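Overview (structure and organization)
One-letter residues, chain by chain:
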Amino acid sequence: MSENKIIISDHLVMDIAVFLSTLKYDKLFILTDTNTEEKCYPLLKDVPAIQQGRLLITPAGDTYKNLERVANIWRILSNEGASRHSLLINLGGGMITDIGGFAGATFKRGLQTINIPTTLMASVDAAVGGKTGINFNGLKNEIGSFYAPLCVFIDCRFLQTLDYPNLLSGYAEMIKHALICSPEHYASILSFDLDGEIDYVRLNKMVAQSVAVKERIVEEDPKEHGIRKALNFGHTIGHAIESLSFKQNEPLLHGHAVAIGIVCELYLSYKQVGFPSEKLTQVTHYIKEYYPSYIFDCNDYDALYEFMTHDKKNEGGIINFTLLSDIGKVHINQSVNKEVILESLDFYRESFGI
Ligand SMILES: NC(=O)c1ccc[n+]([C@@H]2O[C@H](COP(=O)([O-])OP(=O)(O)OC[C@H]3O[C@@H](n4cnc5c(N)ncnc54)[C@H](O)[C@@H]3O)[C@@H](O)[C@H]2O)c1
Ligand SMILES: [Zn+2]
């Protein structure tokens, strides 16, 4: 289920040209959104095979990750004579790798796809691991499939045009990967300066480590029956916060909500399975330093708890958490009392002075 190859590239044009020259395909399509067509496609236009490809441009934004837009992609592929031996390159953030991956998985029962992620979120998360999908019926990622691309090319040079909120959003998943991985990885993530000039060379190396964490876990458990649930760390409460922010018409970026979820779920980890308090304080300080705080009060607790009970990952009506007894020590399928869950929301609000 995992990709055949993930290439962390320092010479993107050459690496892609070489890879494409080894592939057999009849037609080449490149899917972008309006932003990645303008900011990212020019970085690839020197690849001769890409110059001859057919460019498909879809509107930017998660609201367009829908059935209508997939149908549009299918229609163009069909009208242009795409076959099962055609190649679709998804050049963009998670919105593009999700919708393009899904369109590719389903067109003539699957053509070949390549992901070239252009956001940090897509580089360390969405473009790797083989999950594809679209939003449907008002629900996120309601329809989708597991479909691995042939290859994922990652190059942090794309991130130079990415706005700061989206950079932070992806970085939250990197914090998560470090917490579930190892003390060394954790130390490097928490020492990275997210203010001012971003060190893209160092970021590229850290992205490689982060991707390796996800790759290793997905390889072990591609369909999320067990250890892949480690990747949900921070997401039970994070998703609830994200849903609340949408309900209140002040939508948070996914990673910003996950950063809050990480603080709360580290608190649960401290209370339930003995996560060290000094590391809880360290991570909380780091997230407080860089991420915007989200204002909510105890009148929102019932709604947040309700969202958690509807989490897709629950089984038998029990809210399932992934908790950590230390950095890299993961415990899946942990149930926690409502009282302690609400206490973790108090902990976030007190720590952030809300
Ligand atoms: N399949 C998975 O495992 C998985 C995992 C995590 C997230 N996701 C999905 O990923 C999506 C979120 O991904 P995202 O955060 O990358 O959002 P996104 O793809 O919507 O990109 C965010 C914004 O940045 C713009 N952009 C992209 N690359 C840019 C660049 N290099 N320079 C300037 N602007 C650029 C986009 O046009 C968009 O406006 C969601 O749909 C989510 O469900 C999927
Ligand atoms: Zn996430």
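Predicted model only: the values in this text are computed from it and were never measured.

Observations regarding the site of ligand 1
Taken together, 25 residues surround ligand 1, and among them Asp33, Asp62, Lys65, Thr119 and Thr161 come closest. Between Gly94 and ligand 1, the recorded distance is 2.8 Å, taken from a backbone N or O atom to an oxygen atom. Elements supplying a minimum of two residues to the shell around ligand 1: helix 2 (34-39), helix 5 (94-106), helix 6 (120-126) and strand 7 (139-146). Class assignment for the residues of the shell around ligand 1 results in seven nonpolar, nine polar and nine charged.

Some details on the coordination of the zinc ion (ligand 2)
At 2.0 to 2.1 Å from the zinc ion (ligand 2) lie its protein donor atoms, namely Glu173 (OE), His235 (NE2) and His254 (NE2). Binding-site remark: the zinc ion (ligand 2) is held by donors from one chain whose sequence spacing is E-x61-H-x18-H. With Glu173 in helix 7 (residues 164-181) and His235 in helix 10 (residues 235-247), the pair connects residues that are 62 residues apart, well separated along the chain. Like His235, Glu173 is buried.

Digging into unusual backbone geometry
Negative phi values dominate among residues other than glycine, just as trans dominates among peptide bonds. If you check the backbone angles, Arg109 has positive phi at about 65° while not being a glycine. Mapped onto the elements of the fold, Arg109 is located in the loop between helix 5 and strand 5 (112-117). Its identity is not glycine, yet Asn137 carries a phi of approximately 60°, on the positive side. Using a relative accessible area of 65% as the deciding quantity, one classes Asn137 as exposed.

Describing the pairing of strand 5
Counting buried positions along strand 5 gives six out of six residues, so the element sits mostly inside the fold. Of the two faces of strand 5, the one carrying Gln112, Ile114 and Ile116 and the one carrying Thr113, Asn115 and Pro117 are both buried. Pairing between strand 4 (residues 87-92) and strand 5: six bridges, direction parallel. Paired with Leu88 across the bridge in strand 5 is Thr113. Handedness of the strand 4-helix 5-strand 5 crossover: right-handed. Note that strand 5 and strand 8 (residues 151-154) share two bridges and pair parallel. In the sheet register, Asn115 faces strand 8, and the bridge partner there is Val152.

Quick notes on a nonpolar patch on the surface
On the surface, Leu67, Phe136 and Ile143 cluster together into a nonpolar patch covering about 230 Å² of accessible area. Tracing the backbone through its elements, the reader meets Ile143 in strand 7.

Regarding helix 1 (residues 12-21)
Inspection of helix 1 places Leu12, Ile16, Phe19 and Leu20 among the buried residues, and these make up the whole buried set. When helix 1 is viewed along its axis, its buried side chains cluster within an angular range of 95° and face the same direction. Summarising the geometry of helix 1, the exposed residues directed more than 90 degrees from the buried face are Met14 and Ser21. Those residues of helix 1 hidden inside the fold are in contact with strand 1 (5-8), helix 3 (48-51), strand 4, strand 5 and strand 8.

Definitions and limits used
- Residues numbered from 1 in each chain as written.
- Chains lettered and ligands numbered in written order.
- Predicted model: local features only at pLDDT ≥ 70, side-chain atom pairs only at ≥ 80, totals over all residues.
- Heavy atoms only, no water.
- Near = heavy atom within 4 Å.
- Polar contact = N/O pair within 3.5 Å; in protein donor to acceptor, adjacent residues only side chain to side chain.
- Helix = DSSP H or I, 4+ residues; strand = E, 2+ residues; numbered from the N terminus.
- Nonpolar A, V, L, I, M, F, W, Y, C, P; charged D, E, K, R; others polar.
- Donors = N, O, S within 2.8 Å, 3.2 Å for Na, K, Ca; no water.
- Buried < 20%, exposed > 50% of the residue type's maximum accessible area, 1.4 Å probe, protein only.
- Pairing = 2+ DSSP bridges.
- Right-handed = clockwise from strand over helix to strand, strands pointing away.
- Patch = residues over 30% accessible without salt bridge, like charges linked within 9 Å, V, L, I, M, F, W, Y side chains within 5 Å.
- Areas by Shrake-Rupley, 256 points an atom, 1.4 Å probe, with all protein chains shown as cover.
- Salt bridge = Lys/Arg side-chain N within 4 Å of Asp/Glu carboxyl O.
- Arc of directions from axis to C-beta.
- Contact = heavy atoms within 4.5 Å.

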